[in-house]
Amino acid sequence: MRIAIAGAGIGGLLTALSLEAAGFDDIGVYERSAEIRGLGVGINLLPHAVRELTELGIVDDIAAHAVRPTSLAYFNAFGQSIWSEPRGTAAGYRWPQLSVHRGRLQLVLRDLVRERLGEVIRTDHRLVDVRSGADAAGRALARFATGRGAQEVAADVVIGADGIHSALRAQHYPAEGAPPSNGLTLWRGVARAAPFLDGRTMIMAGDGGLKFVAYPLGPVEADGRMPINFIAERREAGGASRAAEWNRAVPVEPIAERFADWRFDWLDVPALIRSADEILEYPMVDRDALPRWTFGNATLLGDAAHAMYPNGSNGASQAVLDARTLAHRLATAATPEEGLAAYEAERRPATTALHAQTRGTGPERVMLLAAERAPQGFAHIHEVIAPEELEDIAAGYKRAAGFHAESLNARSSLTVRG
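Residues numbered from 1 in each chain as written. Predicted model: local features only at pLDDT ≥ 70, side-chain atom pairs only at ≥ 80, totals over all residues. Heavy atoms only, no water.

**Notes on the overall build of the chain**
Now for step 1: In terms of helices and strands, the chain carries 13 helices and 19 strands.
Now for step 2: Computed over the C-alpha atoms, the radius of gyration of the chain is 21 Å, within 12% of the 22 Å expected from 2.2 N^0.38 for a compact globule of 418 residues.
Now for step 3: Its C-alpha atoms give the chain principal-axis dimensions of roughly 70 × 45 × 45 Å.
Now for step 4: Evaluated residue by residue, the chain yields a buried proportion of 55% over its 418 residues.
Now for step 5: Of the contacts made within the chain by residues no fewer than 6 positions apart, 74% connect residues no fewer than 24 positions apart. (Helix = DSSP H or I, 4+ residues; strand = E, 2+ residues; numbered from the N terminus. Rg over C-alpha atoms; globule rule 2.2 N^0.38 Å. Buried < 20%, exposed > 50% of the residue type's maximum accessible area, 1.4 Å probe, protein only. Contact = heavy atoms within 4.5 Å.)

**Description of the environment of Glu119**
Now for step 1: Along the chain, the position of Glu119 falls in the loop between helix H4 (102-117) and strand S8 (121-122).
Now for step 2: Separated by 90 residues in sequence, Glu119 and Val29 place their C-alpha atoms 9.4 Å apart.

**Brief notes about the pairing of strand S5 (residues 71-75)**
Now for step 1: Taken across its 5 residues, S5 has 5 buried, putting it largely inside the fold.
Now for step 2: Of the two faces of S5, both are covered, the one formed by Ser71, Ala73 and Phe75 as well as the one formed by Leu72 and Tyr74.
Now for step 3: Two strands pair when backbone bridges link them, and S5 and strand S6 (residues 81-86) are joined in this way by 5 bridges, in the antiparallel orientation. If you follow Ala73 over to S6, its bridge partner there is Ser84.
Now for step 4: In this structure, the hairpin formed by S5 and S6 is closed by a connection of 5 residues, where Gly79 is found at a positive phi of approximately 80 degrees.
Now for step 5: Inspection of the sheet shows S5 paired to strand S14 (residues 201-206) by 5 bridges, in the parallel sense. Bridge assignment links Phe75 to a residue of S14, and that residue is Ala205. (Pairing = 2+ DSSP bridges.)

**Things to note about the pairing of strand S15 (residues 210-216)**
Now for step 1: Burial analysis of S15 places 7 of its 7 residues in the buried class, which makes it a mostly covered element.
Now for step 2: Of the two faces of S15, the one holding Leu210, Phe212, Ala214 and Pro216 and the one holding Lys211, Val213 and Tyr215 are both buried throughout.
Now for step 3: Note that S14 and S15 share 4 bridges and pair antiparallel. Residue pairing for S15: Ile203 is matched across the bridge by Ala214.
Now for step 4: Between S14 and the antiparallel strand that follows it, S15, lie 3 residues.
Now for step 5: Of the strand pairs in this sheet, S15 and strand S16 (residues 226-235) are connected by 7 bridges, and their pairing is antiparallel.

**Brief notes about the side chain of Asn297**
Now for step 1: With respect to the secondary-structure elements, Asn297 resides in the loop between strand S18 (276-285) and strand S19 (298-300).
Now for step 2: Take Asn297: its relative accessible area is 4%, and that puts it in the buried class.
Now for step 3: In terms of polar contacts, Asn297 uses its side chain to reach the side chain of Ser132, at 2.9 Å.
Now for step 4: At 3.3 Å, the side chain of Asn297 forms a polar contact with the backbone oxygen of Asp156.
Now for step 5: Setting aside its immediate chain neighbours within four residues, Asn297 contacts Ser132, Gly133, Gly138, Arg139, Ala140, Ala155, Asp156, Val157, Val158 and Leu340. (Polar contact = N/O pair within 3.5 Å; in protein donor to acceptor, adjacent residues only side chain to side chain.)

**Let's talk about the sheet that holds strand S12 (residues 157-160)**
Now for step 1: Strand order in the open sheet made by the 5 strands is S8-S2-S1-S12-S19, with parallel pairing throughout. Strands at the two margins of the open sheet, each flanked by one partner only, are S8 and S19.
Now for step 2: Relative to S12, strand S1 (residues 3-6) runs parallel, the two being bridged by 4 bridges. When the bridges of S12 are listed, Ala6 appears paired with Gly160.
Now for step 3: Packed on one face of the sheet, helix H1 (residues 10-21) meets S1, strand S2 (27-30), S8 and S12 and runs near 160 degrees to S1. (Axes fitted to C-alpha atoms, helices over the stretch in contact; angles between N-to-C directions.)

**Considering the packing of aromatic side chains**
Now for step 1: Inspection of every chain in the model, using the stated rule, returns 11 aromatic pairs.
Now for step 2: With centroids separated by 5.0 Å and ring planes inclined at 80 degrees, the aromatic side chains of Phe259 and Trp262 adopt a geometry described as edge-to-face. Accessibility assignment for this pair places Phe259 and Trp262 in one class, buried.
Now for step 3: Given the relative accessible area of 6%, Trp262 is considered buried.
Now for step 4: An aromatic cluster is built from Phe75, Phe212, Phe230, Phe259, Trp262, Phe264 and Trp266, whose rings are joined through pairwise contacts. (Phe/Tyr/Trp six-rings, centres within 6.5 Å; stacked < 30°, edge-to-face > 60°.)

**Notes on the pattern of salt bridges**
Now for step 1: Here the structure, examined in full by the defined rule, presents 28 salt bridges.
Now for step 2: Put simply, Arg192 and Asp223 hold a salt bridge, and the shortest N to O gap is 2.9 Å. Residue Arg192 is located in strand S13 (residues 181-193), and its partner Asp223 is located in the loop between S15 and S16; the two are separated by 31 residues in the primary sequence.
Now for step 3: The salt bridge involving Arg248 is made with Glu281; its shortest N-O contact spans 2.4 Å. Here Arg248 is found in strand S17 (residues 248-250), whereas its partner Glu281 is found in strand S18, with 33 residues between them in sequence.
Now for step 4: Judged by relative accessible area, Arg248 falls into the partly exposed class, the value being 35%.
Now for step 5: Assessed through its relative accessible area of 12%, Glu281 is described here as buried. (Salt bridge = Lys/Arg side-chain N within 4 Å of Asp/Glu carboxyl O.)

So this is what it looks like as structure tokens:
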């Protein structure tokens, strides 16, 4: 079976590795960029994704560049504690959570693809469209634009892992337009600064107007500092929307000034922002959930299928689950068509439910409730939000996202047994 993957991001590269592990050996990966440069900032791989990386036999390659956070803590805009919970193995999972630089992860996956599959990545190949059943053998024809002109690739299965601006998605949903914004602007950066709290905690602080997220990306270095990923977020007046612009650098000082009063006993937010060499700005956008992913022998995967807000830190993890599920279903089905149908039947309803949660702020809802009920702060959070309500919000999101500890630990493996 010949399989063509459009996109060499996290989802596309993991799909290639998953397919190879499931027994497929005729795989091509087509990337629109002239080279894979490993761009981005920090991301989190949650235990359900780390389980799949472990079963693929690649988790050690990734963990060598990652940090294992042991807790997640929510605070209000005054630095007061709302909710804290253990993460990874400290929370009863058999697998950890990993915080890693997205660019480093992409380069590790690129190298693993080359090691396991050979030179199957073709750069400077931008997907234009796919015509299912168009060649004499009934295979799909994927058309790519390259610096040398158009090229057609015949494949039994075409996988559109080409991101939020997916050409395959646009082909079948031409009226969809630009990704809609929810009126929030994000500023992301990596700083080198002294550890905060215990040096292993991921924090989220704020309310519906301003929010700050931070977590370590590496160990404490000889000078007492460590790399810390951060996301600063502000709601725009009027909820204005604009086109998604990725990796747009902006001056550091205006962002630090927006958080000038956020000097907590345990973290000086404006100082941390000023420690960044560069800050990237982009609007918070997603895509509407789709009624259908698969068209003939072509399907969508990752952000191309279900781009969602980063509430809950789940985007990359869902792409991992897509990749592993698709490889398993293709390997265990009688025909490619049956495999694609089984993949969509499992993953599309699950990501649609999760998409709705992220639009509702996911587990970060606890910060909104605290701000609504105690806008000037509180003596103790349980005077504002009952412990049962906090626990229900956290557990509900884990179930929707597929990483409730007991369910994940008990779930059958997606590894194809020989």
